[in-house]
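Residue-level listing of the chains:
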Amino acid sequence: MTTVPFSTLLRLELRRVYRSGPLWIIIVGVVVAATLGARNGAALHARQRADAAAVAAAEAAWYADVEDRARRFSQPSKTPLPYWQDPTDAAAFSRYFLRRHPIKPHLPLSALAVGHSDLQPYAVPVRLETPFGGDPVYDYEHPRTLSIGMFDLGFVLLWILPVGVIAIAALAGAIERDHGILPLVASQPVTAARWFAARGFAILALVVPAWCGTTMLALALTGVPLLAHVGEVVAGVTLIAIFAAFWVVVTLAAIARGAGVVSGLATAVAVWLTLMAALPLAVTAAISMAAPPPSYERYVEDLRNVKDAVEGERDRIVARAVADDTGQRPEVMDATRFDYSTRLTLLTPEIERRLQPHQTARERQAAISRRAARVLKWLSPQMAFQSAIEDLAGTSARRHDRFTAAVRSFQVELRGFMYPRVLQQAVAPARPACAGCPARLNFTDYRSIPAFTFHEPSARNRVQRALVSAAWLAAVAAVIAAFAIGRARWALDRPV
Amino acid sequence: MLQGVKDPHSAAHYSIYAFNPVVPLSALDPGIDPFVGETVWLEAHVQNDLLNRPLQGSTALERTGLADPAGLFVRFAPLVVFLLAFSAVARDREQGTLSLALSAAATGRAIAAIKISAVASVATVMLAGALAMIGLAGIVQGGAAGDAWLRVALWVCAATGYVVVLSVVGVLAGLLAPTARTGFGALLLFWLIAVLGALPAASAAANRSRPLPSFQEMKIRLERDAPAYWTPEVGAERQALLMRRYGAADEAELDAQRVNLRGLELDYAERLSQAVFDREIGAFYRRVLDQDRLYAALAWLSPAIAFDAASAALAGTDFRHHLAFIDGAEQYRRALVNRMNADLIPNPARSGVLHTSDGRLWAEIPEFAFLPPGWHTALQSSAGPLSALAGWLVVGAALAAWVTPRLRP
């Protein structure tokens, strides 16, 4: 029996696949959805960038106002100036005037996936007395949108792309079965593996460029400078290509045993639903049962109790803290002479110390959840792809965790800057720098207040991580492809 | 109550945390609850944001794996219904019994009606019935009143309506499509567009048509127009104004009238800030409601949107219900702070010693008790989407009545 060359088979299959009208309808639909999705994501991030700029401008204006007040109050005047209105007093400044808003900037490819950027804050006010980091703020997106999920490019890639690929692969892949010509195919001088591989390659040749091109087009239309970030773009395209290929081979595996379109579609969609919804649901339920999140009601109750207790022991704690710092004996320290702001600098560490068990419990629970997510990533190609594109886009929970940790470090740095100045003034007040001026003038060096910097892994690191995920997806896809070809050989030996 | 003796203004700062009670049907449809704060600190000077959004620090896994029975129902029930419908119709087609039935006495309309009824009944019991059990368990566990029973009954009606619409679509696609392949492809496309894509697309459209003002800029305006701590110049202006109101030349004259200038100033600032909060935060939340109204109006585009909007409203987990808590908590905060300031005003400092109050004043403040809105609010919110769902039912029935007589063996 003469064997048909693979190239001939591929050419024939390509012609057949490319002539299919419904496939082009699906592709056009995906292009439209991806473009709209990318626009929505980019619009959200543009708003957030504008808001971040507004926050930075407001902070700059605030410090200009503070400097202006300092100048005004540095003129001799008989108008009394309560300490809490005096920005030149270190203690008052630390409580009433210090403003810093660490900002988490968006990465160049942020339109690729909104990820968690609609839920987690990008600008976090930092105050010295807030326990364990920045204020618990958020930017207000409509909670319905948060609940339903945003119609962004990530949604299209994660939800629409797989279903689109499955539909295309099933429609194009199982036509012989539906037309009842599978036995005829089996009688041709073509081996099952060859024919099925040619069919698979033809579908891949349609789907992969379509999906990658759609994504690039959608990003380009939203103004992402693709050429300026070639490494990340290539990593993103590679991920999408392999993800699309993965779903092609899953669908082909579903129809390889000679199943029809309906059966193939149903099987592949069931696999997708299992990976997309059932598996995360089951794992999340298991985590919440095994390690339930700490109760926030209990935290609030303990926070109140701890603050009350610390307030009750206020003078003793303040005296001991000052004594520790200055080497004086606590019993000779008159803690009652310190103002509220000064006391706060000494009481806050104690409050944090007493609340540490709550913080530890929260961190432990978060660590368990993160660990489960990392494991699931290697079990579910869907999760692996989702976390990889969110990583590339800079909208992942992982990046936000890093930002939160950086904000906490910054708060500690700010405390390290302000607390010694407050304490110094409380223990050994400087002589008034200006006789007759209402301002206390013991702190005016506003420009030396630390500024927040967010050090994060380089683009190269993100690309490497994305490529590792892509390699994993490719390996899984290759195994499934081998299984599909083997299954097709078996099915064609016994035509349906 | 247990604050002891202290300055009433300090007591107003200490105040309370108000917790939004979990509604019994949130196990059935958590709606927006995982994405909004569940508690708020009601303190002087500021209308704080709600704290502790359950999913704020979530991983991708937790967000994807959120236990949301109604959310899963609205998205994936169509697939189950379509598979049921398809197997009911496709099997008859493949075995030739459909042609046989059509060529016999049975009319296309009767066959379609029977198949739709069968699919809808099985799917309703299997899906809506199972989910209703979750709602009922929530009611029994929470010891809820008749209001919750009515809500769950309405929810089941809405879910049944949704399943019936899907059954009509599924059976008609199976009967009318030239091949099984086309029919199933069409249903998958319908699911992709009218369910999976329609929900976020409608939400995005509503947000885009009625964009929210920038939350950060609103915060900046709040800090500018209602600062918790003001400058000495502003303080001096206010003091002059307040003393003029009392015909006093200085604080000593006010003291002589037994009026506390600090109390007056705090009260003045508080009422000023309340007006600013109404203007800024009130307008913001009105816009959120506008978006919800538009989203509900888009229910005419897809039965999935209709059910989604109605479900959260009926479960009491939509924004209107949440706003009722925000408003209730803020009214309580204002009453509390105003009462503390009212206690300060007639009590000036004596010989430099600030006025303090004790348990007798704290006992005057009632406990914060929030009563969630009743079923009539749910009905008000869900009337639009439920009408749309009814409209989809009518359209489905009319379509079935129109096309099924044309079915040929």
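Scroll up to find the structure this text is about.
Not measured: the values here are computed from a predicted model. (Residues numbered from 1 in each chain as written. Chains lettered and ligands numbered in written order. Predicted model: local features only at pLDDT ≥ 70, side-chain atom pairs only at ≥ 80, totals over all residues. Heavy atoms only, no water.)

Asks: Help me understand the overall build of chain A in this model?
Replies: From N to C terminus, chain A includes 16 helices and zero strands. What you see for chain A is a C-alpha radius of gyration of 31 Å, clearly larger than the 23 Å of a compact globule of 496 residues, by over 25%. Judged by the C-alpha coordinates and their principal axes, chain A covers about 110 × 45 × 35 Å. A separation threshold of at least 6 residues defines the contact pool for chain A, and within that pool the share at least 24 residues apart is 85%. By element, 62% of the accessible surface of chain A is carried by carbon and sulfur atoms, the whole surface being about 20700 Å². When the 53 basic and 39 acidic side-chain charges of chain A are each reduced to a single mean position, those positions are 8 Å apart. (Helix = DSSP H or I, 4+ residues; strand = E, 2+ residues; numbered from the N terminus. Rg over C-alpha atoms; globule rule 2.2 N^0.38 Å. Contact = heavy atoms within 4.5 Å. Areas by Shrake-Rupley, 256 points an atom, 1.4 Å probe, with all protein chains shown as cover. Lys, Arg positive; Asp, Glu negative; His and termini not counted. Charge placed at Lys NZ, Arg CZ, Asp CG, Glu CD.)

Asks: What am I meant to see in the interface of chain A and chain B here?
Replies: You'll often see interface size given as the accessible area lost when the parts meet. In this complex, chain A contributes 77 residues to the contact, which on the side of chain B involves 73 residues. Taken over both partners, the interface formed by chain A and chain B buries close to 6500 Å², and the fraction arising from carbon and sulfur atoms is 64%. Its largest share of buried area at the contact with chain B, chain A owes to Tyr138, Tyr140 and Arg304 of chain A, together 12% of the area lost on that side. For the interface between chain A and chain B, the tally reads four salt bridges. In this structure, the salt-bridge partner of Arg63 of chain B is Asp118 of chain A, at a minimum N-O distance of 3.0 Å. Counting across the chain A and chain B interface gives 28 residue pairs in polar contact (both at pLDDT 80 or more). The biggest single contributor to the side of chain A that touches chain B is helix α10 (residues 261-290) of chain A, with 14 residues. (Buried area = accessible area lost by both parts, 1.4 Å probe. Salt bridge = Lys/Arg side-chain N within 4 Å of Asp/Glu carboxyl O. Polar contact = N/O pair within 3.5 Å; in protein donor to acceptor, adjacent residues only side chain to side chain.)

Asks: I tried to follow helix α12 (residues 314-326) of chain A on my own but got confused; where do I start?
Replies: Helical geometry note: an α-helix holds 3.6 residues per turn, so side chains three or four residues apart project in the same direction. Residues and elements named next belong to chain A. Between its terminal C-alpha atoms α12 stretches 18 Å, which fits the 18 Å expected from 13 residues at 1.5 Å a residue. What α12 keeps buried is the set Ile317, Val318, Ala319, Val322 and Ala323. Looking one or two residues past α12, Gly327 carries a phi angle of roughly 85°, positive in sign. (Expected span 1.5 Å × (residues − 1). Buried < 20%, exposed > 50% of the residue type's maximum accessible area, 1.4 Å probe, protein only.)

Asks: Is there a simple way to think about the nonpolar core in this case?
Replies: Soluble globular proteins tend to bury their nonpolar side chains together. In this structure, Trp211 and Trp272 of chain A together with Phe73 and Trp191 of chain B are the most contacted members of the largest nonpolar core, which totals 156 residues. Dropping the residues within four chain positions of it, Phe73 of chain B is found in contact with Pro78, Leu127, Ala128, Leu131, Ala159, Tyr162, Val163 and Phe307 of chain B. Ranked by size, the runner-up nonpolar core spans 37 residues in total, among them Val40, Ala226, Phe284 and Val337 of chain B. (Core = buried A, V, L, I, M, F, W, Y, C linked by side-chain atoms within 4.5 Å.)

Asks: Help me understand empty space enclosed by the protein in this model?
Replies: Sizing a probe to match a water molecule and rolling it over the atoms shows the empty space that remains. Applying the stated criterion across every chain, the model contains 10 cavities of 30 Å³ or more. Within this model, the largest cavity holds a volume of roughly 670 Å³. Along the wall of the largest cavity there are 33 residues; nearest its centre are Ile148, Gly149 and Trp159 of chain A together with Arg63 and Thr64 of chain B. When contributions to the lining of the largest cavity are tallied by element, the ones reaching two or more residues are α4 (143-148), α5 (153-173), α10 and α14 (381-393) of chain A together with α2 (60-64), α3 (69-95) and α7 (180-209) of chain B. For the lining of the largest cavity, the class distribution of residues is 19 nonpolar, eight polar and six charged. (1 Å grid on protein atoms, 1.4 Å probe; cavity = no way out; pocket = protein on both sides within 12 Å on 5 of 7 lines; lining within 4 Å. Points joined across faces, edges and corners; volume = space filled by probe spheres on them. Nonpolar A, V, L, I, M, F, W, Y, C, P; charged D, E, K, R; others polar.)

Asks: Would you mind showing me how to read the state of the cysteines here?
Replies: Should the sulfur atoms of two cysteines be covalently bonded, the bond is a disulfide. Residues and elements named next belong to chain A. Overall, the coordinates contain one disulfide over all chains when judged by the stated rule. The partner cysteine of Cys434 in its disulfide is Cys437, sulfur to sulfur 1.6 Å. Look at Cys434 and you get buried, because its relative accessible area is 19%. By relative accessible area, which is 11% here, Cys437 ends up buried. (Disulfide = S-S within 2.5 Å.)

Asks: Would you mind going over the packing of aromatic side chains with me for this structure?
Replies: By convention here, two paired aromatic rings are described through the distance between centres and the angle between planes. Applying the stated criterion across every chain yields a total of 45 aromatic pairs over all chains. For the ring pair Trp272 of chain A and Trp191 of chain B, a centre distance of 6.0 Å and an interplane angle of 80° mean the geometry is edge-to-face. You can see Trp272 of chain A sitting in helix α10 and its partner Trp191 of chain B sitting in helix α7, one on each of two chains. With a relative accessible area of 0%, Trp272 of chain A lands in the buried category. Given a relative accessible area of 0%, Trp191 of chain B falls into the buried group. Over the face of the ring belonging to Tyr295 of chain B we find Arg144 of chain A, whose NZ or CZ atom lies 4.5 Å from the ring centre. (Phe/Tyr/Trp six-rings, centres within 6.5 Å; stacked < 30°, edge-to-face > 60°. Lys NZ or Arg CZ within 6 Å of the ring centre and 35° of its normal.)

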